[in-house]
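# Coordinate inspection notes
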Amino acid sequence: MLVLVAPGQGAQTPGFLTPWLDLPGAADRIAAWSEAIGLDLVHYGTKADAEEIRDTAVAQPLLVAAGLLSAAALDASPDIVAGHSVGEITAAALAGVIGDEAALRLVRARGLAMADAAAITETGMAALLGGEPEVTVPHLEKLGLTAANVNGGGQIVAAGTAEQLAALAEDKPEGVRRVVPLKVAGAFHTRHMAPAVERLREASLELKISDPTVTYVSNADGRSVATGDEVVSRLVGQVANPVRWDLCMETFREMGVTALIEACPGGTLTGLAKRALPGVQTLALKTPDDLEAARALLIEHAGA
């Protein structure tokens, strides 16, 4: 049993798309998506610096484009798909709920709406390494912060205002070793993103929606979702609600997952899986050089 997962914002690094554009047809595909959404994905994926691709309105379409491009190059069907935060849009396309270009149009609307919401108040996110959820979450609430990502593997991401995050750095929950600021431009998956929800809902009305062709696991509660309408409804609401990646990984375990492949730019979710899913084989798609090993993993585990 194999799950294909797609990373969320913060996974991007300067130039990470460059080697993928050498694959047959890849440059044309990215160029077509760029024209469709009015954003030069080639520039941002190959030449832009870290600050440019930190912009929410840029990072989110770039990540979805990279995820779809790498999954297409893999050219195989997983048993399960899931994505972390914006990676859920990638997963929805991989599950056949929406088309690739529709996914890019939706994520462009999402990124712009969330960037506008983030501009209202200076907010951000920080990863807490170590600690236990039953101790950490109440401590965050005391500081006015939200546990926006409960990622499992000993990692929780706090989100809130700059002042609240500064207070957290000075007053860490018991057991937390480090507080690491993330390269994101707002307090995603919190009440600060509420203004983006309605704009995303309006954008979703233009979608042609189908039911998933493979099992789709949702960030909202780690449950599989059987209908396309429910997938899209969750995509809309999730921007202002916490990501429960820990519950997604629990579902992978319960479903008997034996291997996990992370779409480009891979690394983050495979790292979490190594800690939380012992015995599950993992592989991150970072460059096309990883495709051969990924295909071998699919042959061995998909459908098993």
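The notes below deal with the structure included here. (Residues numbered from 1 in each chain as written. Predicted model: local features only at pLDDT ≥ 70, side-chain atom pairs only at ≥ 80, totals over all residues. Heavy atoms only, no water.)

Looking at the element boundaries, Q164 is found in helix α8 (residues 162-170). Of the residues examined, Q164 reaches a relative accessible area of 16% and is grouped as buried. If near-sequence neighbours (up to four positions away) are discounted, Q164 is found in contact with L143, G144 and L145. (Helix = DSSP H or I, 4+ residues; strand = E, 2+ residues; numbered from the N terminus. Buried < 20%, exposed > 50% of the residue type's maximum accessible area, 1.4 Å probe, protein only. Contact = heavy atoms within 4.5 Å.)

As a further point, take the nonpolar core. By size, the foremost hydrophobic cluster in this structure holds 77 residues, and its most contacted members are L41, I98, L104, Y216 and I261. Sorting elements by how many residues they give to this core places helix α4 (residues 56-74) first, with 11 residues. Among residues more than four places away in sequence, those in contact with L104 are W33, I37, L41, P61, V64, A65 and L68. Counting residues in hydrophobic clusters, the runner-up holds 18 residues, among them I80, V243, C248 and F252. (Core = buried A, V, L, I, M, F, W, Y, C linked by side-chain atoms within 4.5 Å.)

A few words on the pairing of strand β3 (residues 123-130). For β3, a buried count of seven out of eight residues is recorded, marking the element as mostly surrounded by other parts of the structure. The pairing of β3 with strand β5 (residues 155-161) spans seven bridges and is classified as antiparallel. Along β5, the bridge assignment pairs A127 with V157. Pairing of β3 with strand β6 (residues 176-181), which is carried by five bridges, proceeds in the antiparallel orientation. Note that in β6 the partner of A127 across the bridge is V180. (Pairing = 2+ DSSP bridges.)

On to the pairing of strand β9 (residues 259-262). Within a regular strand, the side chains alternate between the two sheet faces. What you see with β9 is no split at all: A259 and I261 on one side and L260 and E262 on the other are buried throughout. Judged from the four bridges that link them, strand β1 (residues 2-6) and β9 form a sheet pairing that is parallel. From the neighbouring strand, L2 faces β9, where its bridge partner is A259. Of the strand pairs in this sheet, β9 and strand β10 (residues 281-284) are connected by four bridges, and their pairing is parallel. When the sheet's bridge partners are listed, L260 is paired in β10 with T282. Taking the sense of rotation as the criterion, the β-α-β connection linking β9, helix α12 (residues 268-276) and β10 turns out right-handed. (Right-handed = clockwise from strand over helix to strand, strands pointing away.)

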